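Survey of secondary and tertiary structure
If you want the building blocks of each chain, they are given just below.
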Amino acid sequence: MKYSKTINPLILIIDAGTTNVKVFLIDKGLNILDKDTIRVKKKFPQKGWVEQDSEEIFKSVVNLLQKIIKKNKNQRKQIIGLGITNQRETTICWDKKTTKAIYPAIVWEDKRTLKLCTVLSKKVSAQKIKRKTGLNLTPYFSASKVNWIIENVPKVKTLIPKNRLAFGTVDSWIVFKLTGGKSHMTDYTNASRTLLFNIKTLRWDKELLSLFKIPQNILPEVKSSFSFFGHLDKNVIGLDIPILAIIGDQQASLYAAGTQLSTTKITYGTGAFILQNLGENFYLNKHLFTTLAVGIKNKPVYAFEGKVAECGDLITPALGNDKEMKKVTKKIALKVNELLHYFPRNYNKIVVDGGVSQAELLVAEQEKISQMKIQRQKYFEGTAIGTAKLIFDNLK
């Protein structure tokens, strides 16, 4: 892996979230030197359907990269690489030849495949799927969304036989486009959220591919989160720097919180996500998901994950209204605390980040209700910090 050695190395981080796409310029001390944001629109074509424009996501990435590089042109030579963190599960299929998406991105919140998941749950044991993937058979994960595209988008029938159809989560899509179609890749953390990846063998699972009728040749190559994912096509932003990391947003903020066994973090964002590092031991819990995260020396480790669906949507309308804010923060803190009961209680503090963690009241309420020391991240953008930390920790 080649990257330019410099005295004060800088990293560009793309954070492609559900609500916003952000780009950061971060130094070795994990200080955010610059950042910029573009809001990403969601569309709701039918009840329960949630879509985004894949091309809009990529154009936002390019636009922000160009702006950050232009604003920091004196530091241009210090930029040694790029990392990507992203909303997970969201599903994109595209034509490898034209590099164009064949259907809008189906967002993780989309529930159009509820019926399919119910039908499949009668054919296969839920426990068997959970033992392989750590996940439940629900529309939340990518597998049923990919099946829906294969079954409902006419173009697919001509692309599959020609080996031109590609599937990926948002990270794969961005990497494919940034490298000019040279890299079709993802990392363990994102693959572990598809419901198609065996998190014990670290391989795509043939039985699950068969269940969802998904051909293996449309899947990305899976690598460790800190890896060489290709060089940026120089035509994109005028730099041919290497892509050095891909990591799902929640796993990135867990990495920022620490790599020790039992490290526990809460991200208060669109939803409230709790993750706890389980180390190399695979455990299952009927109330939680088991997922892949990143440990010391870039090793894949297991983590428990729980989610409280509403968070940001409850806080936003209450802003500026103290009485309402108290009510809402208590509601979120109680829901989070309910979920915390299912996590092994072998930790002495919780690290919190995410936009909503800026609400002092929420953090104080959580500390009081959970009777646990809460440490707020220096920057609430734990996802970007975690991705930069992963790169700097592993650069030789």
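Our structure is the block above this text.
In short, a report on the structure.

Parameters at a glance
Residues numbered from 1 in each chain as written. Predicted model: local features only at pLDDT ≥ 70, side-chain atom pairs only at ≥ 80, totals over all residues. Heavy atoms only, no water. Salt bridge = Lys/Arg side-chain N within 4 Å of Asp/Glu carboxyl O. Helix = DSSP H or I, 4+ residues; strand = E, 2+ residues; numbered from the N terminus. Buried < 20%, exposed > 50% of the residue type's maximum accessible area, 1.4 Å probe, protein only. Core = buried A, V, L, I, M, F, W, Y, C linked by side-chain atoms within 4.5 Å. Contact = heavy atoms within 4.5 Å. Expected span 1.5 Å × (residues − 1). Polar contact = N/O pair within 3.5 Å; in protein donor to acceptor, adjacent residues only side chain to side chain. Pairing = 2+ DSSP bridges. Axes fitted to C-alpha atoms, helices over the stretch in contact; angles between N-to-C directions. Phe/Tyr/Trp six-rings, centres within 6.5 Å; stacked < 30°, edge-to-face > 60°. Lys NZ or Arg CZ within 6 Å of the ring centre and 35° of its normal. Parallel < 35°, antiparallel > 145°, perpendicular 65-115°, else oblique. Left-handed = near helix turned anticlockwise from the far one by under 90°. Nonpolar A, V, L, I, M, F, W, Y, C, P; charged D, E, K, R; others polar.

With that settled, the discussion passes to the pattern of salt bridges. Oppositely charged side chains are able to pair whenever their charged atoms sit close together. Throughout the structure, instances matching the rule amount to 21 salt bridges. Close ionic contact of Lys42 with Glu109 constitutes a salt bridge, the shortest N to O distance being 3.0 Å. Within this pair, whereas Lys42 is found in the loop between β3 (32–39) and β4 (51–52), its partner Glu109 is found in the loop between β7 (105–106) and α2 (114–123), the two being separated by 67 residues in sequence. For Lys42, a relative accessible area of 27% gives the class partly exposed. A relative accessible area of 23% means that Glu109 is categorised as partly exposed. The shortest N-O distance in the salt bridge between Asp110 and Arg112 comes to 2.9 Å. Each member of the salt-bridge network shares a partner with another, and the members are Arg88, Glu89, Arg193, Asp249 and Glu305.

Although it is not a glycine, Lys297 sits at a positive phi angle of roughly 60°. Under the relative-accessibility criterion, Lys297 is labelled exposed at 70%. Of note in the backbone geometry, Gln371 takes a positive phi value of approximately 50° without being a glycine. Counting through the fold element by element, Gln371 comes out in the loop between α13 (360–370) and β19 (373–376). Take Gln371: its relative accessible area is 70%, and that puts it in the exposed class.

For the rest of this paragraph, the subject is the nonpolar core. Core analysis: the biggest nonpolar cluster contains 75 residues, and Ile102, Ile149, Leu196, Phe212, Ile214 and Val336 have the highest contact counts within it. Ignoring sequence-local partners within four residues, the contact set of Ile214 consists of Ala143, Val146, Asn147, Ile150, Leu196, Leu209 and Leu219.

For Arg203, the position within the fold is in strand β11 (residues 203–204). Sequence separation between Arg203 and Ala191 is 12 residues; the distance between their C-alpha atoms is 9.1 Å. Each residue touching Arg203, except ones within four places of it in the same chain, is listed here: Leu196, Phe197 and Asn198.

With 13 residues, helix α14 (residues 382–394) should reach 18 Å at 1.5 Å per residue; the first-to-last C-alpha distance of 18 Å fits that figure. Summarising burial for α14: 11 of the 13 residues are buried, a large majority. Of the residues making up α14, those classed as buried are Gly382, Thr383, Ala384, Ile385, Gly386, Thr387, Ala388, Leu390, Ile391, Phe392 and Asn394.

It is worth spelling out the side chain of Asp15 at this point. In this structure, Asp15 sits in strand β1 (residues 10–16). Polar side-chain contacts of Asp15 include one of 2.7 Å to the side chain of Thr383. The residues touching Asp15, leaving out its near neighbours within four places in the chain, are Asn20, Val21, Lys22, Phe24, Thr85, Thr383 and Ala384.

A word on the sheet that holds strand β2 (residues 20–27). Within the open sheet, the five strands sit side by side as β3-β2-β1-β5-β13. Their pairing is mixed. Both outer strands of the open sheet, β3 and β13 (243–248), are each paired with one neighbouring strand and no more. Neighbour-to-neighbour, the strand axes of this sheet turn through a mean angle of 15°, independent of strand direction. One ladder, built from seven bridges, connects β2 with β3; its direction is antiparallel. If you follow Val21 over to β3, its bridge partner there is Ile38. Against the sheet, helix α10 (residues 249–257) engages β5 (79–86) and β13, with an angle of about 100° to β13. α14 contacts β1, β2, β3, β5 and β13 of the sheet and is inclined by roughly 140° relative to β1.

All chains considered together, the criterion is met by 13 aromatic pairs. With a centroid separation of 5.3 Å and an interplanar angle of 50°, the aromatic rings of Trp94 and Phe176 are classed as tilted. Highlighted residues: Trp94 in strand β6 (residues 92–95) and Phe176 in helix α6 (residues 170–178), separated in sequence by 82 residues. As far as the burial class goes, Trp94 and Phe176 line up, both buried. A connected cluster of aromatic rings, assembled from ring pairs, spans Trp108, Tyr140, Phe141, Phe273 and Phe289. Lys307 extends its terminal NZ or CZ atom over the ring of Tyr140, reaching a point 4.9 Å from the ring centre.

Our focus in this paragraph is the packing of helix α1 (residues 54–71) against α6. In the contact formed by α1 and α6, the axes pass within 10 Å of each other and the chain directions differ by 60°. Judged by the angle between their axes, α1 and α6 are oblique. For α1 against α6, the interelement crossing comes out right-handed. Where α1 approaches α6, its residues Ser54, Glu55, Ile57, Phe58, Val61 and Leu65 are matched on the opposing element by Val170, Trp173, Ile174, Lys177 and Leu178. Here the residues of the contact of α1 with α6 sort into eight nonpolar, one polar and two charged.

Coordinates in, geometry out; function isn't part of it.
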